[in-house]
Every structure is written in structure tokens, then in C-alpha cells.
Amino acid sequence: MLVLASGSPQRRTILSRLGVAFDVRPADVEELAAGEPHAVARENALLKARTVAAALAPPEADALVLGVDTLVALDGVIYGKPADEEHARATLRALSGATHDVVSGLALVQGDVVEAATAVTRVTFRRLDPATIDWYLALGEWRGRAGGYAIQEAGGALVRSIEGDYQNVVGLPVSLLLDRRPGLLH
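Reading the values: the criteria
- Residues numbered from 1 in each chain as written.
- Predicted model: local features only at pLDDT ≥ 70, side-chain atom pairs only at ≥ 80, totals over all residues.
- Heavy atoms only, no water.
- Buried < 20%, exposed > 50% of the residue type's maximum accessible area, 1.4 Å probe, protein only.
- Helix = DSSP H or I, 4+ residues; strand = E, 2+ residues; numbered from the N terminus.
- Pairing = 2+ DSSP bridges.
- Arc of directions from axis to C-beta.
- Salt bridge = Lys/Arg side-chain N within 4 Å of Asp/Glu carboxyl O.

J.: I would appreciate a short explanation of the pairing of strand E3 (residues 64-74) in the present structure.
T.: Look at any regular strand and the pattern is simple: side chains alternate between the two faces of the sheet. The buried fraction of E3 is high, at 11 of 11 residues. The alternating pattern of E3 places Leu64, Leu66, Val68, Thr70, Val72 and Leu74 on one face and Val65, Gly67, Asp69, Leu71 and Ala73 on the opposite face, and all of these are buried. Note that strand E1 (residues 2-4) and E3 share 3 bridges and pair parallel. Among the inter-strand pairings, Leu2 is bridged to a residue of E3, identified as Leu64.

J.: How should helix H4 (residues 130-139) be read in this particular structure?
T.: Working note: α-helix, 3.6 residues per turn, so residues spaced by three or four point in the same direction. Taken as a whole, H4 has its buried residues at Thr132, Ile133, Tyr136 and Leu137. Looking down the long axis of H4, one finds its buried residues gathered within 130° of arc, a one-sided arrangement. In H4, the exposed positions angled more than 90 degrees off the buried face are occupied by Pro130, Ala131 and Ala138. Immediately downstream of H4, the backbone of Gly140 shows phi near 80°, a positive value.

J.: Mind showing me how you'd approach the pattern of salt bridges here?
T.: Opposite charge on two side chains lets them pair, provided their charged atoms get close. Evaluated as defined, the whole model comprises 11 salt bridges. A salt bridge links Glu31 to Lys48, with the shortest nitrogen-to-oxygen separation between them at 3.4 Å. In this pair, Glu31 is assigned in the loop between strand E2 (22-24) and helix H2 (37-55) and Lys48 in helix H2, connecting sequence segments 17 residues apart. On the basis of relative accessibility, which here comes to 35%, the residue Glu31 falls in the partly exposed class. Between Asp101 and Arg122 there is a salt bridge, and its shortest N-O distance comes to 2.6 Å. Residue Asp101 is located in strand E5 (residues 99-110), and its partner Arg122 is located in strand E6 (residues 113-125); the two are separated by 21 residues in the primary sequence. The network of salt bridges with common partners includes Glu85, Glu86, Arg89 and Asp134.

Such coordinate-based values are descriptive only and should not be taken to indicate function.
Now the structure itself:
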């Protein structure tokens, strides 16, 4: 049994499309927001997975718990979920014409066994003029999205290219997960 320690609709969609059976148990934790991006993503994923795993009671106590945290980093600065539209505007301006990293921490906890790793996808944005940023902000997709955009939605229009796992940018590093647990697809 797989337990997803996240309420993310994107992560649920990805797992469902893969045909993976899972339960959803969002972790109610205070996430780190600052620090070295790989360490922050990894620690947040571990915190989520460990919190949910600790709350499981038999017969679920041996379930595999998946924690994931995805963030956007540019030149070592973390761009999380924008607090408001002006914050989203500033984030999109910073990412405009630049290549940033989408870093996901992935943690798997099953009983006493704990694994954690990170995945990185490099995303290059087109140069965004003020009208394009206004258009995108008006759509509201920036809400609740690391880096203030959703590549799988209209936010794909902001992107020039990606290098790495596309699903990682959406919110779940599928390649990394399946490298760790290839049996999830069987």
C-alpha cells in the first residue's frame, strides 16, 4: 500500500495516470522555506513522509509513505508559492529569460526504512514582457504553485525549454520514484 503524504492534485493525477493505487494523507507540517534548495526540498519531503508514517496505525503501519516537496530555485534563491499577485509578478519577472532549477525532494518511509533523494529539472523561460505577465497572472494559475507557474497548464507558454523530467516540474519526479520503487507499476 502506498500513502501519499500530500494533498497536491498534480501528484494525485500523476500517480493515477500511472495506475498506482494509493491513499492520500496530507501532512500538516511547517515547511522550511529558506536554505540550500536541495537540502530544503529533501528535508521538507522527509518531514512530510515521517509525520504521516508516524500517524499510521495497524494494519497500515507498514505502508510505504511517499513525501514530496517541489520548489523553484534561481541562483540559489528559493521561489516558493507566491503569497499574493504582486509576489507572483516579482517571481515571474525574476524567472523571465533565465534558466532555473525545479528541485524536488522525494522521501520514502516504510517502518524503520527511510530513503530520501532529490531530482532537478532545468527550465528556461522565454523573455516575458509586462503584458504576458499580466495575462498569466489574470489566469490565477500562479496560486499555490512553486515559482508561480503551472507548466502543465497555460504556464507552458512561459517556457522556452526544459532539461530533465517534465513530471518533476509538474510536481512528482516520476523517474526518481520509479528508480527507487520500480514495482509500483506492477
